[in-house]
Structure formats: C-alpha cells, structure tokens
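Here is what each chain is made of, one letter per residue.
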Amino acid sequence: MENVYIETYGCQMNFADSDVIAAILKTAGYGLCSAAEEADFILINTCAIRENAEQRVRHRVRELRALQSRRLHLRIGVLGCMAERLQNRLMAEEDNVSFVCGPDAYRRLPEIMKQIAGSRQQVAEVELSETETYADIEPVRLSGNGVSAFISIMRGCQNYCAYCVVPYTRGRERSRDPETIVREARNLFNQGYREVTLLGQNVNSYGLTPNPSPEWRGEHIAFPELMDRVASIDPQLRVRFATSHPKDLNDSLLEVMASHENICRCIHLPVQSGSNRMPKLMNRKYTVEWYLDRVDAIRRYLPDCSITTDVIAGFSTETEEDHQATLDLFRRVRYDYAYMFMYSLREGTYAWKHLADDIPEEVKKRRLNEIIALQGEIALENNRKEVGREYEVLVEGVSHRSKEQLFGRNSQNKVIVFDHRDAEVGTYRRVKVTSCTQATLLGELVQ
Ligand code: 5AD
Ligand code: SF4
C-alpha cells in the first residue's frame, strides 16, 4: 500500500478539507501516515490569503527536496488556495512539485496520483465548481481530539472584499444539503464528540444561494433554521459556527442562539477597520454604525456572549485618523480575542487592480503593533473580570504546560486550565476561575 502524508496550512476550512481529502484517498486504497519520512506522496494543503502564508509553503516545498533526494519515488502535490491561485506557475517555479489540485477537484486526486506516480510528469487540476460540496463524503478526522470537530456547511465566497483572494481561489458560494450536515453532526455525537463547529466563509448566507447540484435532495433552509436543527440533536452537543459577515448577521440567528443553551456564546465578527471610509473602500457593505448596532444586538440577546474579530492594519490610503478610529472601536467593543493582520496586497483582487498599496511597511507594522498592544490589555482586563465566576467546561485534553492539568473551553470559547483529579476528556465539568493570563483562565474543579 502506498502512503500519503497530508500537511495543512491556513484556516479551519483547510483543515476540514484535509479530512475530506484523507477520506477520498483512503477509499481509493491509499494509507495515511503521520510522518513525511514514511510517505510515498506528500500533499500540502495551502493558504493564499497573505503573502507570508505563501512564503511559508514555498519554504517547506524547497526543504522537502532533501527528503526527495533520499526517496526518489516520493511525489509532492500542492493543494488548496495556492494551487488554485498559481496553477502551472507554481510547478514551473517549484519543479519538485508533481501536481497542483484546487479546492473543488479533490475527487480527482486518486486519478492524478496514479498518473504522475513513477514519472516526471506534472499535472494541474484546478477547475472550480458551482455545485461541489463533498456532501456525501464522511471526513477522516486527521487532527481531532475526539471531542470537537469541524463540519463544512458551504464552500466558496462571492462577497469580493477588495483585499481578499478567497473568491478567486474558492469560487462561487454554494451551500451543502442540510440533511447531510445534520446527519454528520449526529454521527459525530454518537461517536462521542461533544462539540461541532459549522464552517463557511460567511455562514449567515447559508442556504440563500440555491445550490443547483443534481445531487441536492433536501429543501433550502437558512442558517438560523440549520442551527436550530443541529442544536436540537442533543443538549449535550455544543454547536459553534464561523465566520459571520457583519452585513448578514440578523436577529433571527440571535433568537435561535438565545433559545438553545448548547449553542455557544461566542460570535466571530470580523470588522477589518473602525473607520467608516475603510469598509466602504474594502467593499464590506456595512458602516461602522451598522457594525456597532450588530454588537449591541448580540449583547441584548446574549448578554454573556463573547465577541471576536479580524482586523487589517494599513489597507490602501489608511490615515492615522482611520487607524485611531480602529483603536477607538477596539476600546468600545472590548473584544475577547482578535486576529490582527498587516495588509498584504493580493494579485487579482479589486485592490490589486484599482487601489495603491501605499502604506509603508514600517507604518503598517507600527499600527499593527499598536492594535496588538491595546487588544492585549483589553483581553487581560476582560479575563480579570472572570476570576471568581464558574463555568461549564468541556474537557478537551491534557494541558500543554503540565501533565497534572487538563484544559477545556467554556461556552465563550475561552480556554480554562485546571487540576486533573478525576475529570475525563469529553465530559462537562464545572470549573471556578481562580486566576488568569491574557490568553488563558486558570481554575479549579467545583464538586
Ligand atoms: N491582507 C491582510 N489580511 C487579509 N485578510 C484577508 N485578506 C487579507 C489581505 N490581503 C484577513 C481578513 C479576513 C481574514 C480571514 O484574513 O481580516 O477576515
Ligand atoms: Fe474574503 Fe470577504 Fe469572502 Fe471573507 S467575506 S472570504 S474576507 S471576500
């Protein structure tokens, strides 16, 4: 049996895709191994969202040359967003790569791998689809802990934010048949999983773009209804979701969340910038006022809900005032967590065609560092308020710092570390918070 090693970079959606890829290859008779040194094929599932994500992958591909010189039959394939973006160019520039395969072509992997095995051929399979959702494939959970799993509910994106390459690498938005989603979640629960995260680039538009797939069997329902059905599987199954586009976050979802205790109190709501000029230039289709109205709505329906965000420092024409407005917004919303990035110009995007990348690198870096420093203070202050509170924690595993300690997360998605005793992974335990750092709560089991 030939062995495949899959290495994944990038977002949660990529990790979910790697599980689908593993399932396709396993069905085709390949073995899955957990070390590159044992592999006959190395598949690298890649991210193209920022230049540095691509540089990491290129570096890794070049590093693999050494292994290839010892294992002459070893073939390397690049999958995912970078494969889609660069196509043949990638194989011309990295000539130790035998094939590239885009996000909608994974069913063809066994065929491609048969074709290139034992030859010096290079193959590119990068056709995008308007219907593919891999709905019928039961993923092989490669990196799971047996407690928490991702379920991909839709693919692609057609929001065309000016800076973003995703609509070009992942294609048109399409939703997956709800019946297959509920079935996957129920199967996971029956296998002992206690948490599922429903994934899409913009889950709030789930079901709104009809999927013309001939395989579509069920009805078309919107996201709040889907959440209701998944949350109704069992009160012991926690349900999370990501990502919400602020333009589409509506009250009916918040109502459904409020009516199910097992829908987690955590919403990821990428703001990108706190200055009204920027979301307009970014084609985000909301104003800062609209965004703050959504934040108020979340707090009204779900007073104990945590809110997290994405932000970009140094987008085209961003002034010091725009940057200050972002800092002000952070002070106002008081996010529990933020993913913070420097703007990276991506070929093919609207910004690449029409907007200058005119903020110097040092200025981008300084602004980013100011946001990071402020968010660090806010996160620590937020966490300090948690000391003394008690939470229901889903136990996920042994703490990385000490074997004597376990960790889990509360509904708000905060990591809590606590002493072992008899708590078992995959169970819910009450934990009282006793102290904290910026990133973690420390606590003790409550009898
Ligand atoms: N440069 C920097 N950050 C980006 N993101 C998307 N595209 C870019 C880019 N070109 C960020 C956004 C998005 C997150 C997934 O990545 O904040 O929400
Ligand atoms: Fe990119 Fe915008 Fe789509 Fe998110 S919603 S994937 S930022 S285009």
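Refer to the structure above for everything that follows.
Note that the structure is a prediction, hence the values are computed from the model and not measured.

Engineer: Give me the lowdown on the overall build of the chain, citing residues and values where you can.
Structural biologist: Along its length, the chain carries 14 helices and 19 strands. Whereas a compact globule of 447 residues would reach a radius of gyration of roughly 22 Å, the chain reaches 22 Å, a difference of no more than 12%. On the principal axes, the C-alpha backbone points of the chain span a range of 65 × 55 × 45 Å. Across the chain, the fraction of contacts at a sequence separation of at least 24, relative to all contacts at a separation of at least 6, is 73%. Working note: accessible area of the chain is about 19300 Å², and carbon and sulfur atoms make up 49% of it.

Engineer: Would you mind going over the pattern of salt bridges in detail, with residue names and values included?
Structural biologist: Within this structure, the stated rule accounts for 43 salt bridges. One salt bridge in this structure joins Asp104 and Arg174, with 3.0 Å as the shortest N-O distance. Linking Asp104 in the loop between β5 (97-101) and α5 (109-116) with Arg174 in strand β9 (residues 174-175), this pair joins segments that are 70 residues apart in sequence. The pair Asp104 / Arg174 is uniform in exposure class, with both members buried. A salt bridge links Asp136 to Arg107; its shortest N-O distance comes to 2.9 Å. Here Asp136 is found in the loop between β6 (123-125) and β7 (148-152), whereas its partner Arg107 is found in the loop between β5 and α5, with 29 residues between them in sequence. By relative accessible area, which is 59% here, Asp136 ends up exposed.

Engineer: Explain the sheet that holds β6 to me, and be specific about the residues and the numbers.
Structural biologist: Ordered in space as β2-β1-β3-β4-β5-β6, the six strands form an open sheet in which the pairing is parallel. Of all strands in the sheet, those with a lone pairing partner are β2 (31-32) and β6, marking the two edges. Inspection of the sheet shows strand β4 (residues 75-80) paired to β5 by four bridges, in the parallel sense. Bridging from a neighbouring strand, Leu79 pairs with Cys101 of β5.

Engineer: Help me get a handle on the side chain of Asn96, residues and values and all.
Structural biologist: Positionally, Asn96 belongs in the loop between α4 (88-93) and β5. A distance of 3.0 Å separates the side chain of Asn96 from the backbone oxygen of Val61, its partner in a polar contact. One polar contact links Asn96 to Gln68, side chain to side chain, over a distance of 3.0 Å. Every residue in contact with Asn96, bar those within four places of it in the chain, is listed here: Val61, Arg65, Gln68 and Ile76.

Conventions we followed
Residues numbered from 1 in each chain as written. Chains lettered and ligands numbered in written order. Predicted model: local features only at pLDDT ≥ 70, side-chain atom pairs only at ≥ 80, totals over all residues. Heavy atoms only, no water. Helix = DSSP H or I, 4+ residues; strand = E, 2+ residues; numbered from the N terminus. Rg over C-alpha atoms; globule rule 2.2 N^0.38 Å. Contact = heavy atoms within 4.5 Å. Areas by Shrake-Rupley, 256 points an atom, 1.4 Å probe, with all protein chains shown as cover. Salt bridge = Lys/Arg side-chain N within 4 Å of Asp/Glu carboxyl O. Buried < 20%, exposed > 50% of the residue type's maximum accessible area, 1.4 Å probe, protein only. Pairing = 2+ DSSP bridges. Polar contact = N/O pair within 3.5 Å; in protein donor to acceptor, adjacent residues only side chain to side chain.

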